[in-house]
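Close look at the chain arrangement
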Amino acid sequence: MIPIFRRLAGSFALFVLCASAAGETTPLTPADIADAAITDEISIPMPGEFMSALSKLDKMDWKSKFRPPIFTNYPSRAQLALNLGGLIADGYVAIEAEDGPQVKNIGKDVLAIAKVLGVSKDVLERSSSIANFADTAHWDQLKEELEATQNEVKTAMAEQKDQDLVTLVTVGGWLRAMEVISGQVATHYSPLGAKLLRQPGIVAFLIKRLDGLGDKVRAEPSVQAVRQKMVEIDKIIAFPLTSAPSAEDIKRLNAVTSEILKEISKKPSK
Amino acid sequence: MKRFAISLILSTALSMASIAKVATTNDEVAARNTALELAGAFGNDGFKLRDGNWAGTIAPGKPQVLQVNLYAGNQYWFTLGATPAGKKLAVSVYDETGKPLETEPYQGASVAAAGFAPQASGPYYVKVEVVDGASTAFCLIYSYK
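Below or above, wherever it landed, is the structure these notes cover. (Residues numbered from 1 in each chain as written. Chains lettered and ligands numbered in written order. Predicted model: local features only at pLDDT ≥ 70, side-chain atom pairs only at ≥ 80, totals over all residues. Heavy atoms only, no water.)

With that out of the way, let us pick up the overall build of chain A. From N to C terminus, chain A includes 13 helices and zero strands. Going from the N terminus to the C terminus, chain A shows its helices and strands as α-α-α-α-α-α-α-α-α-α-α-α-α. Relative to the globule expectation of 18 Å for 270 residues, the C-alpha radius of gyration of chain A, 19 Å, shows essentially globular dimensions. Along the three orthogonal principal directions, the C-alpha set of chain A runs to about 65 × 40 × 40 Å. Across the 270 residues of chain A, 56% fall into the buried class. In chain A, 76% of the contacts between residues at least 6 apart in sequence involve partners at least 24 apart. Entry remark: accessible area of chain A is about 11,800 Å², with carbon and sulfur atoms responsible for 56%. Charge-centre separation for chain A: the mean point of 32 positive side chains lies 4 Å from the mean point of 34 negative side chains. (Helix = DSSP H or I, 4+ residues; strand = E, 2+ residues; numbered from the N terminus. Rg over C-alpha atoms; globule rule 2.2 N^0.38 Å. Buried < 20%, exposed > 50% of the residue type's maximum accessible area, 1.4 Å probe, protein only. Contact = heavy atoms within 4.5 Å. Areas by Shrake-Rupley, 256 points an atom, 1.4 Å probe, with all protein chains shown as cover. Lys, Arg positive; Asp, Glu negative; His and termini not counted. Charge placed at Lys NZ, Arg CZ, Asp CG, Glu CD.)

Listed below in structure tokens is the structure:
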């Protein structure tokens, strides 16, 4: 059976020639669109998808996108969750760079934060397979393993009734991916690259989630720093389908996401 | 690879634990396994499987719609699995205005898939439906490259 499916998957280039259900299908109604499900699990793209699209446009120097190690023992659980998401996005950058030691270092930091958050049990098991895949250069498997790690952390948080932290992990990862991609597009601007940053539905979804956080979590300085800038981010990346943001817009997007990440990864003052 | 397959199965089982909208019932888990069987074949062609899934129940004449965010330049397979009650299924993809888009369709017993390569980055909608059969648990997963 597999060869049949392989041929099927390999025939993407013939899309336009293929029989398709499109002609027989009626359009969605505004009510269908309004009622469409949107879930953290599958509607929000993983950083790997974003990076995969960017790699097709540009020859990337992924190692130049590494950032210095961040602190892993913040007193605020909200701040820990935001940084955990960012670290997982860092993991994707390290995988794209095919840098095994960096993948393992990030894996250790993910585990350190997961321990402080009390969700390290499953990550511990994952971290050894992440190290094995990094040692044997199984980069594609590593991407899937990293996503599975993130989902397990989120599942553990949800089991602990910490749904707010699930949102913050998603937001942190999305912001770090946005910083990396906007940095690349800002340095090597092209309208095609800039159009990759178009994500209107996601910002709206994340803003809704941030506004739905508990009062205490919403009052955290790191969370406030994120929420305040989301509207500005939305203005830049919710552009119409037919246009592309300017190089200046992308530079601003990169500056805003960098500012937020610096703020949320800031070491607490003693 | 065997180790990876085991860890994937474990991750599937673990991620089914408690987050709403992921496969949680026995029927949804069976539907996910059906979808994974087909999606695994796409993996041979370099498609990376997203760990997350979207699960629930669909009845004939009552399709369900999910919003996703896709990137121009990537290729995607959306794979839908169901229980044997959902004999024939369909997956269709729409742009952000609700216009149906051309996809490469695949249909099997209680499983269907749509291959799609977006021309523009942004939100898209994926509709899942029962074309023939009874009300069934379903699970949608997707792969990209």
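So that's the structure; there's more coming.
Quick look at the pattern of salt bridges now. All names here are of chain A. Under the definition given, this model contains 23 salt bridges over all chains. A salt bridge links glutamate 232 to arginine 252; the shortest N-O distance between them is 2.6 Å. Of this pair, glutamate 232 sits in helix 12 (residues 221-237) while arginine 252 sits in helix 13 (residues 247-264), placing them 20 residues apart in sequence. Residues joined by salt bridges that share partners form a network here, namely Arg67, Asp90, Arg176 and Glu179. (Salt bridge = Lys/Arg side-chain N within 4 Å of Asp/Glu carboxyl O.)

Core analysis: the largest hydrophobic core is formed by 103 residues, its most contacted members being A:Leu168, A:Trp174, A:Met230 and B:Phe78. Discounting chain neighbours no more than four positions away, the residues touching A:Met230 are A:Trp174, A:Leu175, A:Val203, A:Leu206, A:Ile207 and A:Leu210. Listed in part, the 16 residues of the second largest apolar core include B:Ala31, B:Phe47, B:Tyr106 and B:Cys139. (Core = buried A, V, L, I, M, F, W, Y, C linked by side-chain atoms within 4.5 Å.)

In this section: the sheet that holds strand 8 (residues 122-132) of chain B. Hydrogen bonds along the backbone pair up the strands of a sheet, which may run parallel or antiparallel. Residue and element names in this part refer to chain B. In spatial order, the strands read 3-8-5; together these three strands make up an open sheet with antiparallel pairing. Both edges of this open sheet fall to strand 3 (64-70) and strand 5 (88-94), since each of them pairs with a single strand only. On average, adjacent strands in this sheet sit at an angle of 25 degrees to one another, irrespective of strand direction. Strand direction decides the pairing type here: strand 3 and strand 8, joined by seven bridges, are antiparallel. Of the residues in strand 8, the one forming a bridge with valine 68 is tyrosine 124. (Pairing = 2+ DSSP bridges. Axes fitted to C-alpha atoms, helices over the stretch in contact; angles between N-to-C directions.)

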